[in-house]
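# Examination of the molecular architecture
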Amino acid sequence: MLKQLTIKNYALIDQILVQFHPGFNTITGETGAGKSVLLGGIGLILGKRADLGQIKDRSKKCIVEALIDIKEYDLEKLFNTYDLDYDHELIIRRELLSSGKSRAFVNDTPVNLDVLNTLGSRLIDIHSQNETLQLTSTNYLYSVVDGVANNHALLRSYKDQWLAYKNALREIDLLQLKQSEANKIQDYNAFLLNELNELKIGPDEYGELEEQQGQLENLEMIQQQLQFGHDILANEEQGIIDILKDLKKKVDNITDFGDVYRKIQERLVSVVLELEDLSNEIYFEQDKLVSDPQKLQEIKQTLQLVYDLQLKHGVQSIEELLLIRSDLNKQQLDSENLQDRIEACKNEKIRLENELNAIAGALLSNRKEAAPLLKDKLEGLLLQLGMPNAQIKIDINPSFELKANGKDELNFLFTANKGTDFKELKHVASGGELSRIMLALKSILAAYSQLPTLIFDEIDTGVSGEIAHKMGDIMKEMSLRFQLLSITHLPQIAAKGDYQYKVFKSDIDDQTQTMIKVLNNDERLEEIAKMLGGEKITDSAIAHAEQLLN
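A few points on the structure. (Residues numbered from 1 in each chain as written. Predicted model: local features only at pLDDT ≥ 70, side-chain atom pairs only at ≥ 80, totals over all residues. Heavy atoms only, no water.)

### Here's the deal with the overall build of the protein
A count of helical and extended segments in the protein gives 17 helices and 15 strands. Over its C-alpha atoms the protein spans a radius of gyration of 47 Å, topping by over 25% the 24 Å that the globule rule assigns to 550 residues. Along the first, second and third principal axes, the C-alpha atoms of the protein reach 155 × 65 × 35 Å. Long-range contacts, defined here as pairs at least 24 residues apart, represent 70% of the contacts in the protein between residues at least 6 apart. For the protein, the computed accessible surface area is about 30300 Å², with 48% contributed by carbon and sulfur atoms. Measuring between centres, the 62 positive side-chain charges of the protein sit 10 Å from its 88 negative side-chain charges. (Helix = DSSP H or I, 4+ residues; strand = E, 2+ residues; numbered from the N terminus. Rg over C-alpha atoms; globule rule 2.2 N^0.38 Å. Contact = heavy atoms within 4.5 Å. Areas by Shrake-Rupley, 256 points an atom, 1.4 Å probe, with all protein chains shown as cover. Lys, Arg positive; Asp, Glu negative; His and termini not counted. Charge placed at Lys NZ, Arg CZ, Asp CG, Glu CD.)

### Focus: the layout of surface pockets
Rolled over the atoms, a probe as big as a water molecule pinpoints where empty space is left. Looking at the largest pocket, its volume works out to about 1800 Å³. Every element with two or more residues in the lining of the largest pocket is listed here: α1 (35–45), α2 (76–81), α3 (113–121), β8 (124–127), α4 (138–149), α5 (152–197), α13 (431–446) and β12 (453–457). If one sorts the elements of the lining of the largest pocket by residue count, α4 sits on top with six residues. Here the residues of the lining of the largest pocket sort into 17 nonpolar, 15 polar and eleven charged. (1 Å grid on protein atoms, 1.4 Å probe; cavity = no way out; pocket = protein on both sides within 12 Å on 5 of 7 lines; lining within 4 Å. Points joined across faces, edges and corners; volume = space filled by probe spheres on them. Nonpolar A, V, L, I, M, F, W, Y, C, P; charged D, E, K, R; others polar.)

### So, helix α16 (residues 521–533)
End to end, α16 covers 18 Å across 13 residues, agreeing with the expected 18 Å (1.5 Å per residue, within 8%). Within α16, the full set of buried residues consists of Arg524, Leu525, Glu527, Ile528 and Ala529. Buried residues along α16 sit against β3 (24–28), α15 (491–494), β14 (499–508) and α17 (539–549). Taking the backbone nitrogen of aspartate 522 as reference, a side-chain oxygen 3.2 Å away marks asparagine 520 as the first, capping residue of α16. Looking at the residues trailing α16, positive phi occurs at glycine 534, about 100 degrees. (Expected span 1.5 Å × (residues − 1). Buried < 20%, exposed > 50% of the residue type's maximum accessible area, 1.4 Å probe, protein only. Polar contact = N/O pair within 3.5 Å; in protein donor to acceptor, adjacent residues only side chain to side chain.)

### Observations regarding the sheet that holds strand β1 (residues 2–10)
Note: strands within a sheet are paired through backbone hydrogen bonds, in either parallel or antiparallel orientation. Across the sheet, which stays open at both edges, the six strands sit in the order β2-β1-β4-β5-β6-β7 with antiparallel pairing between neighbours. A single partner strand is all that each edge strand has here, and the edge strands are β2 (13–19) and β7 (109–111). The average undirected angle you get between the axes of adjacent strands in this sheet is 15 degrees. Each of β1, β2, β4 (62–69) and β5 (89–96) is contacted by α1, which is oriented at about 105 degrees to β1, the strand it contacts most. Against the sheet, α3 engages β5, β6 (102–106) and β7, with an angle of about 140 degrees to β5. (Pairing = 2+ DSSP bridges. Axes fitted to C-alpha atoms, helices over the stretch in contact; angles between N-to-C directions.)

### Topic: α13
An ideal rise of 1.5 Å per residue puts 22 Å on 16 residues; α13 measures up with 22 Å between its terminal C-alpha atoms. Within α13, 15 of the 16 residues are buried, which leaves the element mostly enclosed by the surrounding structure.

### Comments concerning the packing of α13 against helix α14 (residues 465–478)
Contact pair α13 / α14: the axes reach a minimum separation of 10 Å and the direction vectors enclose 20 degrees. When the axis of α13 is compared with that of α14, the two are roughly parallel. Read as a crossing pair, α13 and α14 show a hand that is left-handed. Contacts between α13 and α14 involve Ser435, Arg436, Leu439, Lys442, Ser443 and Ala446 from the first element and Ile467, Met471, Ile474, Met475 and Met478 from the second. Within the contact of α13 with α14, the residues separate by chemical class into seven nonpolar, two polar and two charged. (Parallel < 35°, antiparallel > 145°, perpendicular 65-115°, else oblique. Left-handed = near helix turned anticlockwise from the far one by under 90°.)

### Section: the nonpolar core
Leu135, Leu374, Leu382, Phe414 and Met478 are the most contacted members of the largest nonpolar core, which totals 50 residues. Among the elements of the structure, α4, α11 (318–384), β9 (391–403), β10 (406–415), α13, β12 and α14 are those that each provide at least two residues to this core. For this core, the element with the highest residue contribution is α13, accounting for nine residues. For leucine 374, the contacting residues outside a window of four places in its chain are Val144, Val145, Val148, Ile394, Phe412, Leu441 and Ile444. In terms of nonpolar packing, the next biggest core, distinct from the first, is built from 48 residues, Leu39, Ile45, Leu119 and Ile487 among them. (Core = buried A, V, L, I, M, F, W, Y, C linked by side-chain atoms within 4.5 Å.)

Limitation: the analysis is restricted to geometry and does not speak to function.
Written out as structure tokens, the structure reads:
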């Protein structure tokens with residue numbers, strides 16, 4: 001229940017604080033007094049988009065705050081979902097800044113507008129004149145039937161599965177598109193991969209092959225250089241080793257004359273041993289060199305293959321070629337796995353279809369059972385509202401296609417007069433008739449919903465007289481189950497409120513401001529008399545107003 005509303009610096013409102021009560025609250029005032037501004041403020045705390053042009057004084061922020069009693073509406077789970085502190089009294093605050101920023105708070109915790117929208121939809125239902133056009137929407141009519149059918153839990157389950165089902169369809173489409181694109185280049189990629197698979201070497205082996213090619217191509221020159229080296233070191237007549245050995249013998253003769261000579265001798269011994277080892281290694285390497293034209297040809301072919309592939313793929317190293325081969329391998333594996341993934345998604349789609357069909361069947365059964373009950377209740381209320389010949393036809397039949405709310409077709413048909421054909425509401429109902437039908441539907445749904453507050457914004461448009469009385473009676477009855485606020489121009493409805501509020505303009509400090517006040521008994525009598533007869537209040541208007549209030 002909306003207990004208190006505070007609005008500061010919004011449109012023509014400088015500051016108002018209004019306290020609402022349980023039961024039936026009516027709100028009256030002249031056209032242009034600011035009733036729509038009041039609704040605009042309530043809309044802000046429900047998560048509506050802000051119009052910064054509505055800030056009255058741009059040097060200050062606009063604040064709208066509502067205090068709502070929610071102890072009877074089982075909202076703890078919703079608060080836990082959004083990690084919000086729960087209390088029986090909820091405070092929602094919305095701030096608009098001249099910089100263009102908007103902030104929202106739930107019990108002093110900052111929230112985004114999506115959270116505010118979700119929470120607001122469970123707290124207050126505002127029905128404006130424009131929303132009467134919802135009657136022409138199949139989705140709204142489904143919501144009415146489902147409300148009477150108590151399909152809420154089934155619909156939640158269905159919508160969860162429907163979301164998963166649509167995701168599965170999108171995934172299948174995406175995978176099939178990938179598969180189609182992969183198929184277009186699969187043959188070429190397979191050819192490239194086969195070429196790269198001919199590479200039987202890695203980076204280390206590539207370097208070794210280049211080295212071997214250099215050796216085999218320059219075999220004779222290498223042999224000559226090694227022979228020259230061996231000769232210099234080990235030639236019996238003038239080899240360095242023999243010369244050093246002779247030098248060592250000479251030094252041997254002087255080692256007894258000091259440590260310095262012994263050290264020279266030791267170093268000569270070490271040098272001779274090292275050069276002998278080097279000579280043997282040169283000889284060994286020279287001996288290994290054997291001309292092998294066939295092996296040279298094989299190496300050239302392998303290295304040429306590497307070079308050709310580098311040129312083809314625009315890379316500079318064998319490492320890059322191996323990376324390309326790895327990527328092509330992965331693409332091939334991915335392509336092979338795509339079909340498995342597609343099959344898995346198709347199986348999941350079939351499973352979800354089966355579940356959806358089962359839930360849709362239960363929804364259809366409940367809807368068909370609820371349709372006659374809704375028809376009878378609606379026709380009974382329309383009879384009270386001055387439409388004695390109004391008839392409703394609600395046809396619900398299975399369809400062949402799963403939809404977002406089930407697997408059936410709803411036809412909600414209407415005729416206001418005997419002997420006329422049933423047609424869709426939008427083709428046969430006038431504005432006044434639509435208002436009465438909407439009120440009747442809201443009245444029926446009130447018994448099946450748990451909403452703290454319902455606000456009617458001139459739902460009585462297009463009616464008057466005794467019909468206005470009947471509409472007021474229905475609203476009064478609805479207000480026994482929850483708080484009802486009705487903005488009205490009809491005295492018959494205003495008088496039936498447990499409390500009546502007046503919205504009016506007042507000039508303060510050369511500024512026009514919108515104000516609101518709850519009327520006492522005398523003020524109510526005067527206000528309803530004005531609604532009946534105009535600004536000049538007559539005795540008959542007073543008498544009529546007293547009759548309405550009594």
